[in-house]
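Inside the fold
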Amino acid sequence: MNRIVLAFAFFTTPLAAQEWTAEKVRNLDIRLFPVGSAEAKEASDLFYKALKAERDKRNVASLQWKFGTKAEWETLRDEKIAQLKKHLGHFPEVPKEVAVYKTKTIPGDGFAIDNILYESRPGFYVTANLYRPAGDAKPNSRPAILLIHSHHNPKTQGELQDMGMLWARAGCYVLIPDMLGHGERRAHPFVDDKSFDKPFKAGRQDYHFRFNTGVQLALIGDSLAGWMAWDMSRGVDVLLKLPGIDPKRIALLGSVAGGGDPAAVTAALDKRIGVLVPFNFGGPQPETKFPLPEDAEASFNYIGGGSWESTRNLRGTGSGGFLPWVMVASIAPRGLIHAHEFAWDKDRDPAWKRYQQIWGYYGAQDKVAFTHGRGSVKGKAPESTHCNNIGVEHRKQIHTALNDWFKIDAKEYSNRVPSADLQCWTPELREKLKPKPLHVAALEWAEQRQKDERSKLEENLTAWKTRLAQAKYDEKMSERQSTKSADVFPFVIFDKSLPIPVRINLLVPHAAPKPLSVVIGLAQQGSQGFLKHRAEAIAELLNQGICVALVDLPGTGETQPGSSLSRTSYATSVSSLAQMLGLSATEIRLQMLQAAIYNIEGLAEFGMTTAKFALWGDSFVEANGTKVNVEVPYDVDNGPKVGEPAGGMIALLAPLVTKQPIEAIYIHGGLASYRSVLDSSFVHVPHDALEPGMMAKFDLPEVAGRFAPRPLKLEGLINGRNQAVADADLKATYAPTHSAYEKNADRFTVRAARSSDKEIAAWFVKALQGK
């Protein structure tokens, strides 16, 4: 991290030197940007712009990669795919044999459909329809096709049925599974319009709940794309057990809208895939404006952008260098069909040029084909070729390529059956196998990993601290202006390598002992939230001679991206982009908090050189009460509130990385534990409050225990559904922390109720001044 730069601003009319009151605190205007100004309107974009600038730098850097020969390409490929595997998460051992259960067979004209389940992880099952040709097969005589459906529909959708039937009639085995969280594997109870008593989009819930699944798997160090890829590879195992399958003729098709992403990941990891058809992945997207510019190769966004749906926006894409086109190209010289749902600018597509170059290294240019439709995502049919998975228009060119490469002479066919006939679970098999919901399987997986990592707790904490404490501050900032008579000393810091402004408002007591003590306030709503909701406590602290520093960390306060923290919010997209760059909102905020403390400590004119610091992480959003139903569909009106635990999270984690000692921590409204996010398939905490991978190593009560024997008070903690956690549950959850404080039990408090403002101030005074 480069040197921190400071800018200063002062109030021209400081308060008279008299006792602070709550009213005076509330009336302070300590905004960085004046209300209504152009700067204020642009403030919510600052976090994104800083990350976008970093993404653009990495896109430009990727243009310098050397792969002018086959050897250079394979070296680059192996390096990037190794990074892909690392960022996808942990995988279990490949099973010696995948358990398969057939529950029904549906006869057809020249084919049959088997409803099957196969076990991809212990106690975790994939529901799938296996379309197979009629008649016996000779060894190595049958091609096999796996089909990944889109996020629109599960395995029973009409286009999927058509493809299963037509290719089975052409002599192929076709496996169409429900992807994780879809169809019979859905992570919610909202099957149809009758599943909830208010209007909602029943057909979109599988898609929307990908957000919950994605953040839960990221929390345990895994990924939705990684779990999907594992399921598909186990599907290959299932196919290879069948009589007649030719292991050299296996194709994987990823449908439009979220199917091409996991298809590309699967093929990059599983060399048994002989042909890949990843729709809308690797190059331009449906939202891309055509024609592409003349300089598309230099200006194209190879990394992509962040959003709530995690299969395309893979964590570490930018930092690890496994760009979408790299994942697709890694399968060379196997067969590739570069596939687009709508119109395509072939001549300017930089990914297409690279595919031709790379397949050329192997003399396999004939193994690269394409298919595309017409129009655009904003257009209407029939001019624009919208489809739910893969339409007839798109299949024409796929048929040609599969016939050339795999000798599959397919003809279009359709004789769809009712969706109910294609359901795989039976009551008897469900009772026998007792399948686990995703969040349960993920939690068990994480807890087992925690047990394995328990002996390495100190090592893991140290490694995490080392990774986050990258900032180097070798000298104090020399250019300062200040006046001792000012009641508020505001300044801004930012790091040149990621120029996100951090506003620090130092509220100074009129009569303060030396050395000074400083309470640093942190919250999602930032400084203005503290002034509005905690004015009485702030005034009391100041009157007791304690400084209060209200810090707006990146993406909080005035720089919060938008007003919402919901699934589809701007804030979620920004947080996702940070993770694509190998960062996280939490990491960035912790590093900038360290910088803030460093620079506050350097204010010699206020006697800060020997200051004592305490942290105050707060939330001003009410928890969802007992009468609030938190198990609701997405997009229902007046749904549950999303919590704002970021202030508490940063306060609790900060002592792990700050160089300056922290004397005391008070937290209200923080997250009780990461485990609570996995207690249910419903999640009502924001994307940026969850640190990827931490749950796989340790949880928040263990972090809290590390703070012993210093004073620590936790109040009004919430679970992953933004519900207040009861005292009995807090006691059980924080048993590890109580153990750490066994000899100093009076210094640790965890409870459901929140102290009054005066009690909070009194607690800080006692903790910092011994009063």
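Reading the values: the criteria
- Residues numbered from 1 in each chain as written.
- Predicted model: local features only at pLDDT ≥ 70, side-chain atom pairs only at ≥ 80, totals over all residues.
- Heavy atoms only, no water.
- Helix = DSSP H or I, 4+ residues; strand = E, 2+ residues; numbered from the N terminus.
- Rg over C-alpha atoms; globule rule 2.2 N^0.38 Å.
- Buried < 20%, exposed > 50% of the residue type's maximum accessible area, 1.4 Å probe, protein only.
- Areas by Shrake-Rupley, 256 points an atom, 1.4 Å probe, with all protein chains shown as cover.
- Pairing = 2+ DSSP bridges.
- Axes fitted to C-alpha atoms, helices over the stretch in contact; angles between N-to-C directions.
- Contact = heavy atoms within 4.5 Å.
- Phe/Tyr/Trp six-rings, centres within 6.5 Å; stacked < 30°, edge-to-face > 60°.
- Lys NZ or Arg CZ within 6 Å of the ring centre and 35° of its normal.
- Right-handed = clockwise from strand over helix to strand, strands pointing away.
- Core = buried A, V, L, I, M, F, W, Y, C linked by side-chain atoms within 4.5 Å.
- Left-handed = near helix turned anticlockwise from the far one by under 90°.
- Nonpolar A, V, L, I, M, F, W, Y, C, P; charged D, E, K, R; others polar.

Tallying secondary structure elements over the protein chain gives 26 helices and 18 strands in all. Its C-alpha radius of gyration of 28 Å places the protein chain within 12% of the 28 Å reference for a compact globule of 771 residues. Counting only C-alpha atoms and orienting by the principal axes, one finds that the protein chain spans roughly 90 × 60 × 50 Å. Counting every position in the protein chain, which comprises 771 residues, the buried fraction comes to 59%. Surface summary for the protein chain: the accessible area is close to 30,200 Å², and the carbon and sulfur share equals 50%.

Looking now at the sheet that holds strand S9 (residues 335-340). The pairing of strands in a sheet happens through backbone hydrogen bonds and is either parallel or antiparallel. Across the sheet, which stays open at both edges, the nine strands sit in the order S2-S3-S4-S6-S5-S7-S8-S9-S10 with mixed pairing between neighbours. The sheet is open, and its two edges are formed by strand S2 (100-107) and strand S10 (368-372), each paired on a single side. The sheet shows a mean angle of 20° between the axes of neighbouring strands, direction not considered. Summarising the sheet, S2 and strand S3 (residues 111-121) pair through seven bridges and their orientation is antiparallel. In the sheet register, Lys104 faces S3, and the bridge partner there is Asn115. Packed onto the sheet, helix H8 (residues 224-240) meets S2, S3, strand S4 (124-133), strand S5 (142-148), strand S6 (173-177) and strand S7 (245-254) and runs at close to 125° relative to S3.

Throughout the structure, instances matching the rule amount to 31 aromatic pairs. Consider the rings of Phe209 and Phe682, whose centres lie 5.5 Å apart with planes at 85°: the pair is edge-to-face. Remark: Phe682 occurs in the loop between strand S16 (662-668) and helix H23 (700-705) and Phe209 occurs in the loop between helix H6 (205-208) and helix H7 (210-219); sequence separation between them is 473 residues. A ring pair is formed by Tyr741 and Phe748, whose centres lie 5.2 Å apart and whose planes are at 20°; its orientation type is stacked. Across the pair, exposure class does not vary: Tyr741 and Phe748 are buried alike. It is Arg567 that lies over the ring of Trp308; its NZ or CZ is 4.6 Å from the centre.

For the rest of this paragraph, the subject is the pairing of S10. Both S9 and S10 contribute to a ladder of five bridges, which runs parallel. From the neighbouring strand, Leu336 faces S10, where its bridge partner is Val368. In the classification by handedness, the crossover that spans S9, the intervening helix H13 (residues 350-361) and the parallel S10 is right-handed.

Taken across its ten residues, H7 has ten buried, putting it largely inside the fold. Every buried residue of H7 is accounted for by Arg210, Phe211, Asn212, Thr213, Gly214, Val215, Gln216, Leu217, Ala218 and Leu219. Tucked inside the fold, the buried residues of H7 contact H6, H8, helix H16 (438-453) and helix H20 (570-580). Backbone geometry just after H7 places Gly221 at a positive phi near 90°.

Tracing the backbone shows Gln157 in the loop between S5 and helix H5 (158-169). We classify Gln157 as buried; its relative accessible area is 12%. Taking the C-alpha atoms as reference points, Gln157 and Arg416, separated by 259 residues in sequence, lie 9.1 Å from one another. Those residues in contact with Gln157, other than ones at most four positions away along the chain, are Asn388 and Asn389.

We now examine the nonpolar core. As a rule of thumb, soluble globular proteins bury nonpolar side chains together. Residues Trp325, Tyr355, Trp359, Ile520 and Tyr674 are the most contacted members of the largest nonpolar core, which totals 159 residues. A per-element tally of this core places H8 first, with nine residues. Setting aside residues up to four positions removed in sequence, Tyr674 forms contacts with Leu219, Met649, Leu653, Ala689, Leu690, Glu691, Met694, Met695, Asp699 and Leu700.

Turning our eyes to something else, we now look at the side chain of Thr586. Assignment of secondary structure puts Thr586 in helix H21 (residues 585-601). Judged by relative accessible area, which is 3%, Thr586 ranks as buried. With residues up to four places along the chain from it excluded, the contact list for Thr586 reads Ile650, Leu653, Asp688 and Glu691.

Remark: helix H19 (residues 535-543) packs on helix H26 (residues 757-769), axes separated minimally by 8 Å, with the N-to-C direction vectors making an angle of 35°. Pair H19 / H26 crosses with right-handed handedness. For the pair H19 and H26, the contacting residues are Ala535, Glu536, Ala537, Glu540 and Leu541 in the first and Asp757, Lys758, Ala761, Phe764 and Val765 in the second. When grouped by side-chain class, the residues that make up the contact of H19 with H26 number six nonpolar, no polar and four charged.

With nine of ten residues buried, strand S12 (residues 498-507) is to be regarded as a mostly interior element. In the sheet, S12 pairs with strand S14 (residues 547-552) via five bridges, with the strands oriented antiparallel. For Leu507, the partnering residue across the bridge sits in S14 and is Val548.

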